[in-house]
Amino acid sequence: MGVVLSPHPAPSRREPWAPLALVPGTRPGRSPGVSGKQLALVIGGTIGGLLLLLLIGASCCLWRRFCATLTYEELPGTPAMARAAASSGQQDRPCQPHARTQLSRPPDVPFVVPPSLQGRDWVPLHSGEWTHAPWDSCPASELLPHTPSGGLGDACMVGAINPELYKFPEDKSETDFPADCLGRLWFSVEYEQEAERLLVGLIKARHLQAPSETCSPLVKLYLLPDERRFLQSKTKRKTSNPQFDEHFIFQVSSKTVTQRVLKFSVYHVDRQRKHQLLGQVLFPLKNETLAGDCRRVIWRDLEAESLEPPSEFGDLQFCLSYNDYLSRLTVVVLRARGLQLQEDRGIVSVFVKVSLMNHNKFVKCKKTSAVLGSINPVYNETFSFKADATELDTASLSLTVVQNTEGDKSQQLGRVVVGPYMYTRGRELEHWDEMLSKPKELVKRWHSLCGITEP
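No experiment lies behind these values; they were computed from the predicted model shown. Each chain has its residues counted from 1, running along the sequence as written. This being a predicted model, a pLDDT of at least 70 is required before a residue's local features are given, and a value of 80 or more before pairs of side-chain atoms are given or counted; all residues contribute to the totals for chains, interfaces and linings. Remark: hydrogens and water are excluded; side-chain values derive from all non-hydrogen atoms of the structure.

> Quick question: what am I supposed to make of the UniProt feature "transmembrane region" (unreviewed entry) in the chain here?
UniProt positions are given in the numbering used here, feature names are shortened, and annotations may be inferred rather than shown by experiment. In the numbering used here, UniProt assigns the "transmembrane region" (unreviewed entry) feature to residues 39-58. The straight-line gap between the two end C-alpha atoms of residues 39-58 is 29 Å; of that span, 100% is helix and 0% is strand. By definition, any uninterrupted DSSP run of H or I lasting at least four residues is a helix, any uninterrupted run of E lasting at least two residues is a strand, and each is numbered from the N terminus.

> Explain the sheet that holds strand β3 (residues 184-192) to me, please; I cannot follow it from the model alone.
For sheets, the rule is that strands pair by backbone hydrogen bonds, running either parallel or antiparallel. Here the rule is simple: two strands pair whenever DSSP picks up at least two bridges between them. Pairing is antiparallel in the open sheet, where four strands are placed in the order β7-β4-β3-β10. Two strands in the sheet have a free side with no partner beyond their single neighbour: β7 (243-251) and β10 (296-301). The average angle at which neighbouring strand axes cross in this sheet is 25 degrees, direction not considered. For helices, the fitted line uses only the C-alpha atoms of the stretch in contact; every axis is such a line through C-alpha atoms, and the angle between N-to-C directions lies from 0 to 180 degrees.

> Is there a simple way to think about empty space enclosed by the protein in this case?
Here a cavity denotes grid points, spaced 1 Å and computed from the protein atoms alone, that fit a 1.4 Å probe unable to get out, and a pocket denotes an open set having protein on both sides within 12 Å along at least 5 of 7 lines; residues with an atom within 4 Å of a point are the lining. Grid points are joined across faces, edges and corners, and a volume is the space filled by probe spheres set on the points. Scanning the model with the defined rule gives one cavity of 30 Å³ or more in all. Taken as a whole, the largest cavity holds about 40 Å³ of empty space. If you go around the largest cavity, the residues you meet are Leu224, Pro225, Gln259, Arg260, Val261, Val371, Leu372, Ser374, Asn376, Pro377 and Val378. The residue classification treats Ala, Val, Leu, Ile, Met, Phe, Trp, Tyr, Cys and Pro as nonpolar and Asp, Glu, Lys and Arg as charged. All others, Gly included, are polar. Here the lining of the largest cavity is built from residues that sort into seven nonpolar, three polar and one charged.

> Looking at this model, I keep getting lost on the pairing of strand β5 (residues 217-224). Mind explaining?
When a strand is regular, its side chains alternate between the sheet's two faces. The element β5 is largely enclosed, with a buried count of eight among its eight residues. Covered by surrounding structure in β5 are Pro217, Val219, Leu221 and Leu223 together with Leu218, Lys220, Tyr222 and Leu224, the residues of both alternating faces. Where β5 and strand β8 (residues 261-269) come together, eight bridges link them in antiparallel fashion. Bridge pairing links Leu223 to Leu262 in β8. Relative to strand β6 (residues 226-232), β5 runs antiparallel, the two being bridged by three bridges. Residue pairing across strands places Leu221 opposite Leu231, the latter belonging to β6. Linking β5 back to β6 in an antiparallel pair, the connection comprises one residue. For every residue, the accessible area obtained with a 1.4 Å probe (protein chains only) is divided by the maximum for its type, and the residue is called buried under 20%, exposed over 50%, and partly exposed between those limits.

> Could you clarify how one ought to interpret the sheet that holds strand β9 (residues 275-284) in this entry?
Strand order in the open sheet made by the four strands is β6-β5-β8-β9, with antiparallel pairing throughout. What marks the edges here is a single partner per strand, and that holds for β6 and β9. Going across the sheet, the axis of each strand differs from the next one's by a mean of 25 degrees, ignoring polarity.

> I'm lost on the nonpolar core in this one. Help?
In globular proteins that are soluble, nonpolar side chains generally tend to be buried together. Joining through side-chain atoms within 4.5 Å is the link that ties buried Ala, Val, Leu, Ile, Met, Phe, Trp, Tyr and Cys residues into a set, and such a set is a nonpolar core. Formed by 30 residues in total, the largest nonpolar core has its most connected members in Leu316, Leu329, Val333, Val354, Leu397 and Leu399. Elements with a minimum of two residues in this core: β11 (315-323), β12 (328-337), β13 (347-358), β16 (378-386), β17 (395-405), β18 (409-418) and α4 (426-437). Throughout, a residue-residue contact means that at least one pair of heavy atoms, one from each residue, lies within 4.5 Å. In contact with Leu397, not counting residues within four places along its chain, are Leu320, Leu329, Val331, Val354, Ser355, Leu356, Phe385, Val416, Val417, Val418 and Trp432. By size, the runner-up hydrophobic cluster in this structure holds 28 residues, among which are Val189, Phe248, Val257 and Leu262.

> Would you mind showing me how to read the packing of aromatic side chains here?
Think of a pair of aromatic rings as described by two things: how far the centres are apart, and how the planes are tilted against each other in angle. Note on ring pairs: Phe, Tyr and Trp rings are taken, using the six-membered ring of Trp, and paired if centres are within 6.5 Å. Classes follow the plane angle, with under 30 degrees stacked, over 60 edge-to-face and the rest tilted. Going through the model one piece at a time under the given rule, you end up with five aromatic pairs. The interplanar angle of 40 degrees and the centroid separation of 6.5 Å between the aromatic rings of Trp186 and Trp299 together place this pair among those described as tilted. Residue Trp186 is located in strand β3, and its partner Trp299 is located in strand β10; the two are separated by 113 residues in the primary sequence. Accessibility expressed as a relative area gives 6% for Trp186, which makes it buried. Judged by relative accessible area, Trp299 falls into the partly exposed class, the value being 37%. A ring pair is formed by Phe187 and Phe283, whose centres lie 5.4 Å apart and whose planes are at 75 degrees; its orientation type is edge-to-face. With Phe187 in strand β3 and Phe283 in strand β9, this pair connects stretches of sequence that are 96 residues apart. By relative accessible area, which is 0% here, Phe187 ends up buried. Residue classification places Phe283 among the buried positions, given a relative accessible area of 6%.

As C-alpha cells, then:
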C-alpha cells in the first residue's frame, strides 16, 4: 500500500518555550523597547540618590562643627607662654601670683579653666591631641593650706596628696594638766533600758598627787544620793598613773536614773591601810549622756573635797563669766551642800532658780533641772543672759534654792545675791569683781545661802 504525500506539510509540534504572540510594533528576532515610564523611574531614582548623598554629607559637616564646639581650643598666646616658661627655668624662681588665677572667662575663649588646672600651658601635638607643658612646681598660694609659719614651706603640687590633711587632732588630755591639777580620771557610762542597768567602766587615772613619794590609789564609786552603798576598785601599787580597766553595774530604774549623780572618790592607801582622799569627781547623769544606748568615754579632773562645814542654810557653788565682745553673762550652777530640807512636807525634788535683776527689777529667770531630795544635789548646768557692759553697774544675779513639795507647792530653802557694790559686800562682791577682771574666764566659788523670811 503506498503513502500519499500532501502538497502542504503538516505543522510541526510547538515547543513549550516558544512565545505565544509578538508585541505589537516589534519585529520577530528583536528585544522589546523601553517605555517612557520606565525611563522616568530611572531618572527619578538617580536624582533621589544624589539628594540623599548630599543630605548625608551636610549632616556629617554639621556634626563635626558641633563636636568641635565641645572640645578645648588653643588659648591665645599659649605657645609663646610655653616657650617662655621652658626657657626661663620656672622651677628655680619663687611663685608669683599673676593673671592666670582669674576665674573670669575672656571673650575669645569658649570655656573657663578650672582652678585646679589654672596656670598649665597647653601645647598642640602632631596627632591632633592636647597635652600640658611643665609648669610651676609651687601653685598659687591661695590654693595651698596655710602653715603655722605663714610660708609655703615644703608645699606640694596641686593634685598631690598632702599628709597634713589626713592627720587626726592630737589628744592632749594626757599631757595638758593645769598647774593646780590633783589628777585626771577616765571612765565610761552606758545605760541599758531593758535591763535597767547602769554600766560604769573605770578606765584609768593620770597625774595623781600623792601625799608621799609613792602612790597606791583605789577608787570608790557612789550613785548619789545614796552615799551608804558603794563599789570599790582594786588597789594599784606604787603608781601615780594607774590603769584600772574595771567594770561596775548599778541597778537603777529608768525613771530616776537621770536624777542620779555618779561620784568617784580617789584614795591613797598607805602602809597602815589607811585611806587618804586625793580628790573626787561628781558626774550628773543627764538625758544627753545616756541617749542612744551607747558607751561614752569621759574624763574629768579631780576636785578637792571642801573641809569647811556648811553654813546654817547650806552652801551653793557656781561659776560666773562675762564676755564683753558678745555682751553675754554666763552662770554655771555646779552643786549645793548641807541643805536644810523640809522632810515633813513630802520631799519631791530640789532645783535652783537663777534670776537676772536690774535696779532691783526682774529681767529674766531660768531654772535648773530638779534633783530628787538630796542635801547635796549636783547640777552642772549652764545659763546665759544678755547684758550690756554699761548695765553691769546696776545689774545683779539672784540664785534661789527651791524644794518642791506635795500638791505642787514649793519651799525656798535659801538664796544668794552677787553683784556690784550697790547690792552686795564680802565674798559675793569679790566674786563679781573677779569676774569683771577676768573676761571670758569661768570664776568658781562657794557661797553661803541666806535664809528667806516668809512674807
